[in-house]
Each structure stands twice: as C-alpha cells, then as structure tokens.
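# Descriptive structure summary
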Amino acid sequence: MKKIFFLLGLLPALNCFCQTDRSSFDPKVTEVWDLKPVKISPAKKIGDPPSDAIVLFDGKDLSKWTTAQNSEAKWDIKDDAMIVTKGKGDIKTKQTFGDMQLHIEWRTPDEVVGEGQGRGNSGIFLQERYELQVLDSYESVTYSNGQAGSIYKQSIPLVNACLKPGEWQTYDVIYMAPRFSENGRVIIPAYVTVLQNGVLVQNHTQIQGGTEFKGLPVYRAHGKASIQLQDHGNPVSYRNIWVREL
Ligand code: MG
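Remember, predicted model here, so these are calculated numbers, not experimental data. (Residues numbered from 1 in each chain as written. Predicted model: local features only at pLDDT ≥ 70, side-chain atom pairs only at ≥ 80, totals over all residues. Heavy atoms only, no water.)

On to the coordination of the magnesium ion. The protein atoms that coordinate the magnesium ion are Asn121 (OD1), Ser122 (O), Glu131 (OE), Gln133 (OE1) and Gln230 (OE1), at distances of 2.2 to 2.3 Å. Here the donor residues of the magnesium ion share one chain and are spaced in sequence as N-S-x8-E-x1-Q-x96-Q. Here the residue Glu131 occupies a position in strand β8 (residues 130-134), and Gln230 occupies one in the loop between β14 (228-229) and β15 (237-245), the gap between them amounting to 99 residues. Overall, the relative accessible area of 12% leaves Gln230 in the buried class. (Donors = N, O, S within 2.8 Å, 3.2 Å for Na, K, Ca; no water. Helix = DSSP H or I, 4+ residues; strand = E, 2+ residues; numbered from the N terminus. Buried < 20%, exposed > 50% of the residue type's maximum accessible area, 1.4 Å probe, protein only.)

Under the defined criterion, the tally for this structure stands at 10 salt bridges. Of the charged contacts in the structure, one is a salt bridge between Asp48 and Lys45, with a shortest N-O distance of 3.9 Å. The shortest N-O distance in the salt bridge between Arg119 and Asp136 comes to 3.9 Å. Separated by 17 residues along the polypeptide, Arg119 in the loop between β6 (100-107) and β7 (122-126) and Asp136 in the loop between β8 and β9 (169-176) bring together distant segments of the chain. Salt bridges linked by common partners bring Glu115, Arg119 and Asp136 together as one network. (Salt bridge = Lys/Arg side-chain N within 4 Å of Asp/Glu carboxyl O.)

With that out of the way, let us pick up the packing of aromatic side chains. For the structure on display, the rule yields 6 aromatic pairs. Between Trp75 and Tyr238 the ring centres are 6.5 Å apart and the planes differ by 20 degrees, which places this aromatic pair in the stacked class. A residue pair is termed long-range when its members are at least 10 positions apart, and Trp75 in the loop between β2 (65-67) and β3 (76-78) and Tyr238 in strand β15 qualify at 163 residues. Exposure class is identical for Trp75 and Tyr238. Each is buried. For the ring pair Phe180 and Tyr219, a centre distance of 5.9 Å and an interplane angle of 75 degrees mean the geometry is edge-to-face. Placement of Phe180 in strand β10 (residues 179-180) and of Tyr219 in the loop between β13 (199-206) and β14 is noted, with a sequence separation of 39 residues between them. A single burial state applies to Phe180 and to Tyr219, both of which are buried. Through a chain of ring-to-ring contacts, three or more aromatic side chains come together here, namely Tyr130, Tyr175, Phe180 and Tyr219. (Phe/Tyr/Trp six-rings, centres within 6.5 Å; stacked < 30°, edge-to-face > 60°.)

Have a look at this one:
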C-alpha cells in the first residue's frame, strides 16, 4: 500500500517533466542521419514485385516449386497461372523463409461446384504449418473461422472482402515467424497481418500453433520453412507470387 502512495506522489513530478518547455532544445539531437534504408525500386504497378523481391512464380514454370515430398511439382500452367491439379498434391517453395512479406494472387473457379469447404478450397501454408485459407466465400456459407481470409480454425477475418468466383483476388501478407527456445518451447508466437484485395482482414493476428483440422493448434519447434499451397481437390489458380524476406 505504501508503494502505491509513493507512486501516486510521483505523478505531479512526472506531469511536470512531460510539460517541460522545449523551446531551448536543439531539434538536430533527435535526427538520425547515419543509418539509411536500403534504396529499392517499387514496381510501377501495385502488386507487381519490387526490385528486392524474390519472384516465386511469374506465370512460366514451377522451377521454384516442388511437391511436399520433394519430387517434381506437376500442377498445370495455363494463361500465366498455376492451377491446383487434383491428385498431384500440395506444392511448396524450394526456398525456405522466416519473417516475410508475401504477395500472392488466387482465383476460385468461375464454374461454381460444391458447397462450403468443398467450393474452391485451397490454402497458403505459411512455413508449411499455418494456413491462410483460400476458398470461395463470396456467397458460400461455411464456419466463419474456415472462410477465405481466415487463419484456418484460429482467426475469423475482420470482414468478408471476397470477390466473385472466377475473379482474381490478392493476399498481401506480413508474417513474423515464431521464436523457439533451445528446448523447443515457443518464446514468441507467430504473428500475421493480411490484406485481401487491399482490405485488412487479419490485423497482427497471433497464431496459436500449427493448423489442425481436428483439435486445438499446437506449436512444434521449427526453423525456416517453405510456403506451401494446398491441393484440396479443387482447381484453384495462383499467379504473380513474390516474397520479400524481412
Ligand atoms: Mg484450405
């Protein structure tokens, strides 16, 4: 109790400090000149890769990709897009990543087939573990924490920013990888911010652990890992995929 009264007694002094007359201060003291951000060239068109991006798919081939089992990726390519090819399995980047900025464009089929989780389902697994859902959620009903823009079964998107099936959509993702102690316990969880079609749908969302279809998410320690795209059996297309390591 004595401590509380002591701290309360300090408040007028602190208030006085904050209201110090700054007119005699030199503004140069708080200017930083010796550290400069690296100069890069943004793309002329928003959504295209800036000069320091790693292009993962430019519409031509799957040379930056492999299957989840590390064999040749065999999704179809048509009109500058890669298409989930049923039975060919998930594909993942050959390069592994930690913290990153990711841009990816996706399109669910214009021919609407199926319901709920069976309509235009795919997904982007950050570090092969944490699924940012891809789904036709324009007018299709499913559980909210499983619709497009959700961190699957963990975080409902702030709004439904989906376009119609058959239209190209964008995800811009800022992802901070989890940090683990030497004995494998999570010290800092992963965080993700997602803009869908330019609209904020995940705002510095804390990821609870690896995506699970059944049961609660659990963290298992890992290092850098791939970006993995899900073959859920629906012909979802992807294009213009690039990443910047942070
Ligand atoms: Mg999915």
